[in-house]
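Reading the structure
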Amino acid sequence: MEQGNESFTTDFILLGFFSDSQHPRLLISIVLLILGVAIQGNSILALLIWGHACLHTPMYSLLSQVSLMDLMLISTTVPKMTTNFFSGHKFISHIGCGVQIFLYLMLGVAECVLLTLMAFDCYLAICSPLRYPVIMTPRACMQMVTGSWAGGVRISLMHTIYTMHFSTYGSRKIHHFFCEVMALLKLSCEDTSTYEKVVLLSNISFLLIPFGLIVTSYILIYFNVLHMNSPKGKNKALATCSSPLGVVSLYFGPAMIIYMTPRSSLPSEVDQHLFVFDVIITLMFNPLIYSLRNKEVLGALRKVLWRKLMFKQKR
């Protein structure tokens, strides 16, 4: 009995995305479909890049890390959400909640940094092609990847520890489909207003600075492309950068609305819908954008499919 009471007092309750829905089964079916497409798409893209020598370039090395981060990010939130839906139990342990916060923030920050570095890589490839192989060496690429992951771990660890140290009272119901920092702070019995302002300023910094650097990079690329004499060169440059630009728009668009807008001004339903788009739907579109608009990735995929077809015919 004591163990049950202890579990009750330490566990949180995730009310989820489906609590107010009139068609929860339809929504969960759509979420599972998106989960399957996202896992398959990101896994295939990462494996293609790692397995084909023609894709062993700095740009694709960074892209493989983005796919890995997206794969981990959607696996951090959606499986728990679907498990709670089918089991009927909406509990998440105190440790599980902390792990979710840590992974979500770590992957979000790391991907934000990585997308900025990919824009820099694209800028160097088009605007300084002679200096590109000198700057973007395999060692430099590895340092970029390591720095992205390390930065994400450091920032996430600080926020996770500070968020989880606040005491909670009364209701332990989190009005969200995963443990999100601001949703968890609402349950605290302590004054969190100062920390909430710190979180808001931190979010603005980690969104505006990278977004500003990315936009600047693509503006410089655009002006450089305008001065190209070769139509073929223009088309290749635009094709190279259109995919990352599309992903950047999907990633930063909803994120800026979520994290740069005071939560009190957003209804709870709108806030969750934005998170669904940012945390679930965007992660499905990323591999599709990179693969469908990239001739080298499509070429590598055709080779794999052709080899499998030939292997089956021989058998």
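Remember, it's a predicted structure, so these values are computed and weren't measured experimentally.

With that settled, the discussion passes to the state of the cysteines. Each disulfide consists of one covalent bond between the sulfur atoms belonging to two cysteines. Throughout the structure, instances matching the rule amount to 1 disulfide. Linked covalently through their sulfurs, Cys97 and Cys179 form a disulfide whose S-S length is 2.1 Å. Taking the torsion about the sulfur-sulfur bond, which here is approximately -120°, the covalent link between Cys97 and Cys179 counts as left-handed. Here the residue Cys97 occupies a position in helix H4 (residues 94-127), and Cys179 occupies one in the loop between strand E3 (173-174) and helix H7 (181-185), the gap between them amounting to 82 residues. We classify Cys97 as buried; its relative accessible area is 0%. Residue Cys179 is classed as buried on the basis of its relative accessible area of 1%.

Inspection of every chain in the model, using the stated rule, returns 2 cavities of 30 Å³ or more. Quantified by volume, the largest cavity comes out at close to 410 Å³. As for the largest cavity, its lining consists of 22 residues, of which Tyr104, Leu105, Val109, Asn203 and Tyr259 are closest to the centre. Sorting the residues of the lining of the largest cavity by element identifies H4, helix H6 (138-164), H7, helix H8 (193-226) and helix H9 (231-260) as the ones contributing at least two each. The element best represented in the lining of the largest cavity is H8, accounting for 6 residues.

Attention shifts here to a nonpolar patch on the surface. Taken together, Val215, Ile219, Tyr222, Phe223 and Leu226 make up a surface patch of nonpolar side chains, about 460 Å² in accessible area. Examined against the element boundaries, Phe223 turns out to sit in helix H8. Note on Phe223: relative accessible area 44%, which makes it partly exposed.

A residue-level look at the chain finds 90% of positions with pLDDT of 70 or above and a mean pLDDT of 83. The least confident element of the chain is helix H1 (residues 2-10), whose mean pLDDT is 46; the most confident is H6, at 93. Below pLDDT 50 for its whole length, residues 1-8 participates in 1 contact with residues either more than four positions away or in separate chains.

This part takes up the environment of Leu71. Relative to the assigned elements, Leu71 resides in helix H3 (residues 58-87). Each C-alpha atom of the pair Leu71 and Asn42 lies 6.1 Å from the other, and the pair is 29 residues apart in sequence. Residues in contact with Leu71, not counting those within four places in the same chain, are Ile39, Asn42 and Ser43.

Here we come to the nonpolar core. Ile174 and Ile280 are the most contacted members of the largest nonpolar core, which totals 85 residues. Ignoring anything within four residues of it in the chain, the contact list for Ile280 reads Ile34, Ile74, Val78, Met81, Phe177 and Phe275.

With that settled, the discussion passes to the sheet that holds strand E2 (residues 91-92). Ordered by their spatial adjacency, 3 strands build an open sheet running E2-E1-E3, and the pairing between neighbours is mixed. Of all strands in the sheet, those with a lone pairing partner are E2 and E3, marking the two edges. Relative to E2, strand E1 (residues 12-14) is paired through 2 bridges, and the arrangement is antiparallel. By the bridge assignment for E2, Phe12 is matched with Ile92.

The next subject is the packing of aromatic side chains. Counted according to the given criterion, the structure contains 11 aromatic pairs. Here Tyr162 and Phe166 contribute two aromatic rings whose centre-to-centre distance is 5.6 Å and whose plane-to-plane angle is 85°, an arrangement assigned as edge-to-face. In this structure Tyr162 comes out as partly exposed when scored by relative accessible area, which is 41%. Note on Phe166: relative accessible area 11%, which makes it buried. We note Arg172 situated over the ring of Phe12; from NZ or CZ to the ring centre the distance is 4.5 Å.

Before going further, it helps to examine the environment of Ser64. Along the polypeptide, Ser64 turns up in helix H3. Among the residues examined, Ser64 registers a relative accessible area of 2% and is labelled buried. Separated by 19 residues in the primary sequence, Ser64 and Leu45 have C-alpha atoms spaced 7.0 Å apart. Here Ser64 is in contact with Ala46, Ile49 and Trp50, once residues within four sequence places are set aside.

Thresholds, definitions, all that
Residues numbered from 1 in each chain as written. Predicted model: local features only at pLDDT ≥ 70, side-chain atom pairs only at ≥ 80, totals over all residues. Heavy atoms only, no water. Disulfide = S-S within 2.5 Å. Helix = DSSP H or I, 4+ residues; strand = E, 2+ residues; numbered from the N terminus. Buried < 20%, exposed > 50% of the residue type's maximum accessible area, 1.4 Å probe, protein only. 1 Å grid on protein atoms, 1.4 Å probe; cavity = no way out; pocket = protein on both sides within 12 Å on 5 of 7 lines; lining within 4 Å. Points joined across faces, edges and corners; volume = space filled by probe spheres on them. Patch = residues over 30% accessible without salt bridge, like charges linked within 9 Å, V, L, I, M, F, W, Y side chains within 5 Å. Areas by Shrake-Rupley, 256 points an atom, 1.4 Å probe, with all protein chains shown as cover. Salt bridge = Lys/Arg side-chain N within 4 Å of Asp/Glu carboxyl O. pLDDT = per-residue confidence, 0-100. Contact = heavy atoms within 4.5 Å. Core = buried A, V, L, I, M, F, W, Y, C linked by side-chain atoms within 4.5 Å. Pairing = 2+ DSSP bridges. Phe/Tyr/Trp six-rings, centres within 6.5 Å; stacked < 30°, edge-to-face > 60°. Lys NZ or Arg CZ within 6 Å of the ring centre and 35° of its normal.

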